[in-house]
Structures are given as structure tokens and as C-alpha cells.
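Given next are the chains, with one letter for each unit.
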Amino acid sequence: MALRTLITRKTLRTAPLGCRGLQTYTLPDLPYDYGDLQPAISAEIMQLHHQKHHQTYVTNFNNALEQLDSAMNKGDASTVVKLQSAIKFNGGGHVNHSIFWKNLAPVREGGGEPPKGSLGSAINNHFGSLEALIQKMNAEGAALQGSGWVWLGVDKEFKHLVVETTANQDPLVTKGASLVPLLGIDVWEHAYYLQYKNVRPDYLKNLWKVMNWKFAGEVYDKESS
Ligand SMILES: [Fe+2]
């Protein structure tokens, strides 16, 4: 079976469920084959990460939304409140992974090519150099306890770059309503353990070889203008 799938920009695609029009979410296709990011990330990791882990977040997010819809229709306030953590965790997992896939690209398609244009200039102005930014994100990723994400984002209100970490599946917006992710690095063990075992710093180092700076630059131009 060909693993190549069509590019889709609809990473938060929704599908109507039921006559009330409740929207559910579907797993987005990857814009490259599972093996296209090798040797930085193995095909086995990519396939499991996408088909199993991301799919589970989508499934559980939809389940929680259906329960929320039912509880709201019954006026069941305690269940509405109880569901918030499942919605945050699984909805965040869906949002974060949908960004993560776009943050990566095969080398033959420009993966790892340094940022150009306004984002490249902003990185130099804010962090001193691209290498300094990478070192900072790698250090924060290596130091992050447990599972979470390291982000390069732009504050669209104050028009400056930020580096942040979030725990579990919290999206970057939980650190500030005006923060928009440019790059998100998944530092959950499921993202690297099969290939890198417990050596998270090596995973972080090699991930930059397939980073899609072109995508990050497009988001930056849109959000900082
Ligand atoms: Fe993940």
C-alpha cells in the first residue's frame, strides 16, 4: 500500500455528527511518507506516532465532545465541568500534533534549510543567531520534566518571538492568548524512544535536520504583519 498521501491543509478538518450538527475531528493526512524523514526520525516512529498516538487523541477528543454535548443538553453542570480536562488533553493533543507534522519536511523538500526572510531576521535580532535559538530550544526540551512540548512562537500582539514549554498536551495558547506557534517540538517519549531510547538530546539535535522553516516563516509573516 502506498504510504504517500495527499497534502491537506485541513488539519482541523471537521465532520458533522448527528442532526444537531455537532462537529467532530478527523486525523489529518501527513504531507510526506512515513519514511521520508529518515534518518532523523524512523518510519516506524512516524507511523505509530501518526496512526496510533494522534488517532487516539482524535478519537478521545470526539468522545469527550459527544459527552459534553449530551451533558449540556441535559443541563448536567457537574459532567460539563468534569469533561474539561479530557477536552484540554485530547483536543490539545490533536491541535499540537497537527502543527507538528507541518513543522517537519523531507530534506529533498527543504527540510532543515535555515529560515529566510523576515523570520530569519527576527531570529537573529531576538536570539543573536539561529544556532543560539536552537541551543536554547534544545536545552529547554532536554530539561523539560515528564512529557510536553517546546515551542517557538510569535506574540501577535507585541510582534516578538517567544520560546516556551508546555506540559502534557497543553497548546501554546495556554501560555498567552496572543501566542501563535511557529514550531512545536514533541518531547514525549513516544516521539523518539524507539529510535533514540532515553537520549532525548540526540533526538532534539537531529530533528533540526528536517525542520520545515518555510512553513514557520509563512505563519510568522501572516501573524506579525
Ligand atoms: Fe506526540
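Source: prediction; values computed, not measured.

We now examine the UniProt feature "domain: Manganese/iron superoxide dismutase C-terminal" (unreviewed entry) in the protein. Look at the UniProt record and you will see "domain: Manganese/iron superoxide dismutase C-terminal" (unreviewed entry) annotated at residues 115–217. Here residues 115–217 is 41% helix and 23% strand, with 7 Å between the C-alpha atoms at its ends.

The subject of this paragraph is the domain arrangement of the protein. By a widespread convention, an interface's size corresponds to the accessible area lost as its parts come together. Taken as a whole, the protein is organised into domain 1 (43–106) and domain 2 (109–224). Broken down residue by residue, the surface that domain 1 buries against domain 2 is led by Ile-45, Asn-96 and Asn-103, which jointly contribute 30%. Among the salt bridges present, the one from Lys-88 reaches Asp-170, with a minimum N-O distance of 3.8 Å. Of all the secondary structure elements, the ones that give two or more residues to the side of domain 1 that touches domain 2 are helix H1 (43–74) and helix H3 (84–102). It is H3 that contributes the most residues to the side of domain 1 that touches domain 2, nine residues altogether. A per-class count over the side of domain 1 that touches domain 2 returns nine nonpolar, seven polar and three charged.

The next thing to look at is the pattern of salt bridges. Side-chain pairs of opposite charge can arise where the charged atoms are in close proximity. The tally for this structure, following the rule as stated, stands at eight salt bridges. Taking the shortest distance from any N to any O, the salt bridge between Glu-164 and Lys-175 comes out at 3.4 Å. Taken together, the residues span a long stretch of sequence, with Glu-164 in strand E4 (residues 160–167) and Lys-175 in the loop between E4 and strand E5 (179–186) at a distance of 11 residues. With relative accessibility at 24%, the residue Glu-164 sits in the partly exposed group. Since its relative accessible area comes to 41%, Lys-175 is described here as partly exposed. The salt bridge partner of Glu-218 is Lys-214, with a shortest N-O separation of 3.1 Å. Of this pair, Glu-218 and Lys-214 are both found in helix H8 (residues 213–224), four residues apart, which corresponds to roughly one turn of the helix. According to the relative accessible area criterion, Lys-214 is exposed, its value standing at 61%.

Reading guide: rules and limits
- Residues numbered from 1 in each chain as written.
- Predicted model: local features only at pLDDT ≥ 70, side-chain atom pairs only at ≥ 80, totals over all residues.
- Heavy atoms only, no water.
- UniProt positions renumbered as here; feature names shortened; annotations may be inferred.
- Helix = DSSP H or I, 4+ residues; strand = E, 2+ residues; numbered from the N terminus.
- Domains from an automatic or database assignment.
- Buried area = accessible area lost by both parts, 1.4 Å probe.
- Salt bridge = Lys/Arg side-chain N within 4 Å of Asp/Glu carboxyl O.
- Nonpolar A, V, L, I, M, F, W, Y, C, P; charged D, E, K, R; others polar.
- Buried < 20%, exposed > 50% of the residue type's maximum accessible area, 1.4 Å probe, protein only.

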